[in-house]
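# What the coordinates show
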Amino acid sequence: MVQRKGLILIIEDKPDWLRKLAKACEKAGYSVRRTDNYDKAASLLTQHDFDAIVADIRLVDWQEDNIQGLQVLGVVPPQNRPATVVVTAYPNWDHVRLAFKDYQVSDLMVKSEFKTPTFLRAVAKAVGTTRAKRSGQ
Amino acid sequence: MDKIVGRRIVIVGGSERWRNSCFDILTGNGFDVAAFARSRQALEHLKNAPADLVLAEFVEVKSAKTQWKDFLGKKGKSRVVLLSGSTQYSVIVECFKLGADDCILKPRGMEELARAVGEALGTALG
């Protein structure tokens, strides 16, 4: 039986990125749930105890002020919220600041500079952070 | 104009002129202010006199990253806001990963500074 390293939720509206991020996580040994929209993400967050979340900020690409990828994190109270790695194509100063300040994301990377090893290190760190929080450390 | 008596603010980095302007406006609002050009003196001061708010220039913090990371890990109730002259997103990422409470663009004027301090401390300044 294959032991999985943790359960990750990936929230990404672009199919190719959703596939890429999910494949990277699965190849690294994680179990993955994936979605491209706010409602499904909210539902998944209430049904499962994820060890980490990977989220895009903008879930509707043509809406410049869309931040549903962050807003859906609010479905889980901060004390129970899994650590989140943001992967975004649009590192807008205000949105990046909001991600850290209001949603306490643990890391953020930009798609144009994406490197899988760096991403997986961030995911591993996020999983570690979530588990430490759950065990009360 | 609201006045806040006794609350301590420490300013770190930036030009002498900028520090002096910040000092004047914040003491005028009733804060107890200490200003330092360099991290070493500021962190030494903060060991003995914790501040309610630390406003530190990111470039200065980055030059003494290890010491600041150590301080930010033990800062208690002090709020630490880092100020950046650059709009690069990577600066925000670095600031928050260090452990800062916020990272803002360096206020261009004293009104903006007063607003930023008010927001950081949850109060209104005149």
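What you see is a predicted model; the values in this text were computed from it and never measured.

Quick look at the overall build of chain B now. Helix and strand counts for chain B come out as six helices and five strands. Helices and strands appear in chain B in the N-to-C order β-α-β-α-β-α-α-β-α-β-α. Radius of gyration (C-alpha) of chain B: 13 Å, near the 14 Å computed for a compact globule of 126 residues. If you line up chain B on its principal axes, its C-alpha atoms span 40 × 35 × 25 Å. Taking the contacts inside chain B whose residues are at least 6 apart along the sequence as the reference set, 65% of them involve residues at least 24 apart. In the structure as shown, chain B presents an accessible area of about 6,500 Å², 48% of it carried by carbon and sulfur atoms.

Further remarks concern the sheet that holds strand β1 (residues 7–11) of chain A. Residues and elements named next belong to chain A. With parallel pairing, the five strands of this open sheet are ordered in space as β2-β1-β3-β4-β5. Because the sheet does not close on itself, it has two edges, and the strands there are β2 (31–35) and β5 (107–110). Ignoring strand direction, the axes of neighbouring strands in this sheet form an average angle of 15 degrees. Note that strand β3 (residues 52–55) and strand β4 (residues 84–88) share three bridges and pair parallel.

Next up on the list: the packing of aromatic side chains. All names here are of chain A. Scanning all chains against the criterion turns up four aromatic pairs over all chains. Relative to Phe-114, the ring of Trp-17 has its centre 5.1 Å away and its plane inclined at 85 degrees; by these criteria the two rings are edge-to-face. Taken as a pair, Trp-17 in helix α1 (residues 15–27) and Phe-114 in the loop between β5 and α5 (116–134) lie far apart in primary sequence, 97 residues in all. Judged by its relative accessible area of 14%, Trp-17 is buried. Plain terms: the ring middles of Phe-114 and Phe-119 are 5.3 Å apart, the flat faces sit at 45 degrees to each other, and that makes the pair tilted. For the pair Phe-114 and Phe-119, a shared accessibility class is recorded, and that class is buried. Taken together, the ring pairs connect Trp-17, Phe-114 and Phe-119 into an aromatic cluster.

As for its position among the elements, B:Phe96 is in helix α5 (residues 89–98). As a C-alpha pair, B:Phe96 and B:Val81 span 15 residues in sequence and 9.6 Å in three-dimensional space. Non-local contacts of B:Phe96, meaning those with residues more than four positions away in its chain, are made with A:Arg97, A:Phe100, A:Lys101, B:Asp101, B:Asp102 and B:Cys103.

All names here are of chain A. When you tally the buried positions in β1, you get five out of five residues, the bulk of the element. Pairing geometry for β1 and β2, over five bridges, is parallel. Residue Leu-9 lies in a different strand from β2, and its bridge partner there is Arg-33. Relative to β3, β1 is paired through four bridges, and the arrangement is parallel. Bridged to Ile-10 within β3 is Val-54.

Right, let's talk about the side chain of B:Glu60 for a bit. Within the secondary structure layout, B:Glu60 lies in helix α3 (residues 58–63). Within the structure, B:Glu60 has its side chain in polar contact with the side chain of B:Arg38 (distance 3.1 Å).

Basis of the calculations
- Along every chain, residues carry numbers that run from 1 in the direction the sequence is written.
- As they are written, the chains are lettered A onward and the ligands numbered 1 onward, keeping that order.
- Local features in a predicted model are, by the rule used here, given only for residues with pLDDT of at least 70; side-chain atom pairs are given and counted only at 80 or more, and totals for whole chains, interfaces and linings are based on all residues.
- Heavy atoms from the whole structure form the basis of all side-chain values; hydrogens and water molecules are not counted.
- Working definition: helices are DSSP H or I runs of at least four residues, strands are E runs of at least two. Numbering for both runs from the N terminus.
- Values of the radius of gyration come from C-alpha atoms, whereas the globule rule sets the reference at 2.2 Å times the count of residues to the power 0.38.
- Two residues form a contact once any of their heavy atoms are found within 4.5 Å.
- Note on areas: Shrake-Rupley with a 1.4 Å probe; residue coverage comes only from the protein chains shown.
- Strand pairing is assigned whenever DSSP identifies at least 2 bridges connecting the two strands.
- Between N-to-C directions, angles span 0 to 180 degrees; the directions come from axes that are lines fitted to C-alpha atoms, helices contributing only their stretch in contact.
- Side-chain rings of Phe, Tyr and Trp, where Trp is taken by its six-membered ring, are said to pair if the distance between their centres is within 6.5 Å; with planes under 30 degrees apart they count as stacked, over 60 as edge-to-face, and otherwise as tilted.
- Buried means the residue's accessible area, taken with a 1.4 Å probe over protein chains only, is under 20% of the maximum for its type, while exposed means over 50%, and partly exposed covers the values in between.
- Identification of polar contacts relies on pairs of N or O atoms within 3.5 Å, with a donor-acceptor requirement for protein atoms, meaning one able to donate a hydrogen and the other able to accept it, and with residues adjacent in sequence counted only if both atoms are side-chain atoms.

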